[in-house]
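Per-entry structural report
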Amino acid sequence: MATLQEFVTRIVTDLPEMGRLFEGVVTQDPLSAVSAAVGALFVFAAIGALGYLAFGGLLDLLGASSTR
């Protein structure tokens, strides 16, 4: 089983390869490019929402409170 460090290293080193693989698909026609862009937007929105909630949970755990 891979360690967390090996996993992150593999993901970071494979990012350029993923770009080259998607390049052939995205450049086929305009609809493919739009589909890839919308898919990336959904993924980044989900990552952002999860990060926001996790950061709020961490602040709540540490005792930070918001004043309203």
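Up top is the structure these notes are about.
Calculation notes
Residues numbered from 1 in each chain as written. Predicted model: local features only at pLDDT ≥ 70, side-chain atom pairs only at ≥ 80, totals over all residues. Heavy atoms only, no water. Helix = DSSP H or I, 4+ residues; strand = E, 2+ residues; numbered from the N terminus. Expected span 1.5 Å × (residues − 1). Bend = angle between axes of the 7 residues up to and from the residue. Patch = residues over 30% accessible without salt bridge, like charges linked within 9 Å, V, L, I, M, F, W, Y side chains within 5 Å. Areas by Shrake-Rupley, 256 points an atom, 1.4 Å probe, with all protein chains shown as cover. Salt bridge = Lys/Arg side-chain N within 4 Å of Asp/Glu carboxyl O. Buried < 20%, exposed > 50% of the residue type's maximum accessible area, 1.4 Å probe, protein only.

Observations regarding helix H1 (residues 4-26)
Between the first and last C-alpha of H1 there are 31 Å, a value that for 23 residues agrees with the 33 Å anticipated at 1.5 Å per step. Along its length, H1 shows its largest kink, about 40 degrees, at Leu15, and proline Pro16 lies within four residues downstream of that point.

Some points on a nonpolar patch on the surface
Among the surface-exposed residues, Leu4, Phe7, Val8, Ile11, Val12, Leu15, Met18 and Phe22 lie close enough to one another that they form a single nonpolar patch of about 810 Å² accessible area. Residue placement: Phe22 occurs in helix H1.

Things to note about the pattern of salt bridges
The final tally for this structure, using the stated rule, is 2 salt bridges. The partner of Arg10 in a salt bridge is Asp14, with the nearest N and O atoms 2.8 Å apart. Here the residue Arg10 and the residue Asp14 both occupy positions in helix H1, the gap between them amounting to 4 residues, near one helical turn. Among the residues examined, Arg10 registers a relative accessible area of 55% and is labelled exposed. A salt bridge links Arg20 to Glu17; the shortest N-O distance between them is 3.0 Å.

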